[in-house]
Amino acid sequence: MQAGGSRELEARNYLEKHRIMELLSYLTSALLFFRPEKPREYLITILERLRIAKITGVAFPFFMDHSNIVAMFEMMDTSSKGTISFVQYKEALKTLGLLNKDEVLIDDGHIITLDKFRAEVNKRTEEICGRTGGTDSASYQTATELLLLH
């Protein structure tokens, strides 16, 4: 049984070392957000753009802006009540790469409105920008590139 556990550990270490799970999460998020007619071609295009960005040093465009945050919230708010659940909120932050894997969010029982969701996304984006030396979405893009272009 030891050999099987060792292979599993090796596989997990490999995925972590090359940040494969983060890349797959980003690709899945983009795919579900944009819902292109030809999903395989879309994914190939993103991967090609990432490869070119890595080789040339040209920035890879970040896909989330203010209108995208609203659209994402509205997609989660399927009943159009103007709120989402704490679980949806937490998963959205994770999907956007704005929740550290070790971070634990505590449900304070308050409802999550669009304003609260937008404020938290903006706050966390600004924190990332601060860590990458910038103050705007281009700095968040840089943080995203550090994650994806490893």
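Below or above, wherever it landed, is the structure these notes cover. Remember, predicted model here, so these are calculated numbers, not experimental data.

Calculation notes
Residues numbered from 1 in each chain as written. Predicted model: local features only at pLDDT ≥ 70, side-chain atom pairs only at ≥ 80, totals over all residues. Heavy atoms only, no water. Helix = DSSP H or I, 4+ residues; strand = E, 2+ residues; numbered from the N terminus. Buried < 20%, exposed > 50% of the residue type's maximum accessible area, 1.4 Å probe, protein only. Salt bridge = Lys/Arg side-chain N within 4 Å of Asp/Glu carboxyl O. Contact = heavy atoms within 4.5 Å. Phe/Tyr/Trp six-rings, centres within 6.5 Å; stacked < 30°, edge-to-face > 60°.

In this structure, Arg 19 is a non-glycine residue whose phi angle is positive, near 55°. Structurally, Arg 19 can be placed in the loop between α1 (2–17) and α2 (20–34). Of note, Ser 80 is a non-glycine position whose phi angle comes to about 55°, a positive value. One can find Ser 80 in the loop between α4 (66–76) and β1 (83–84). Taking the relative accessible area as the measure of exposure, Ser 80 reaches 65% and is therefore exposed.

Pairing between side chains of opposite charge can happen when the charged atoms of each approach one another. For the structure shown, the criterion picks out 5 salt bridges. The residue Arg 118 makes a salt bridge to Asp 115 at a minimum N-O spacing of 2.8 Å. Residue Arg 118 and its partner Asp 115 are located together in helix α6 (residues 114–131), separated by 3 residues, close to a single helical turn. Put simply, Lys 123 and Glu 120 hold a salt bridge, and the shortest N to O gap is 3.6 Å. A residue pair is termed a helical-turn pair when its members lie 3 or 4 positions apart in one helix, as Lys 123 and Glu 120 do in helix α6 at 3 residues. On the accessibility criterion, Lys 123 (41% relative accessible area) is partly exposed.

Look at Glu 120 and you get buried, because its relative accessible area is 15%. Residues Glu 120 and Leu 98 lie 22 residues apart in sequence; the distance between their C-alpha atoms is 9.2 Å. Those residues in contact with Glu 120 that lie beyond four places of it in its chain are Tyr 89 and Leu 93.

As a further point, take the packing of aromatic side chains. Throughout the structure, instances matching the rule amount to 3 aromatic pairs. Ring plane angle 70° and centroid distance 6.5 Å describe the contact between Tyr 89 and Phe 117, whose orientation is recorded as edge-to-face. Remark: Phe 117 occurs in helix α6 and Tyr 89 occurs in helix α5 (residues 86–95); sequence separation between them is 28 residues. With relative accessibility at 6%, the residue Tyr 89 sits in the buried group. We classify Phe 117 as buried; its relative accessible area is 0%. Every member of this aromatic cluster is reached through a ring pair, and the members are Phe 73, Phe 86, Tyr 89 and Phe 117.

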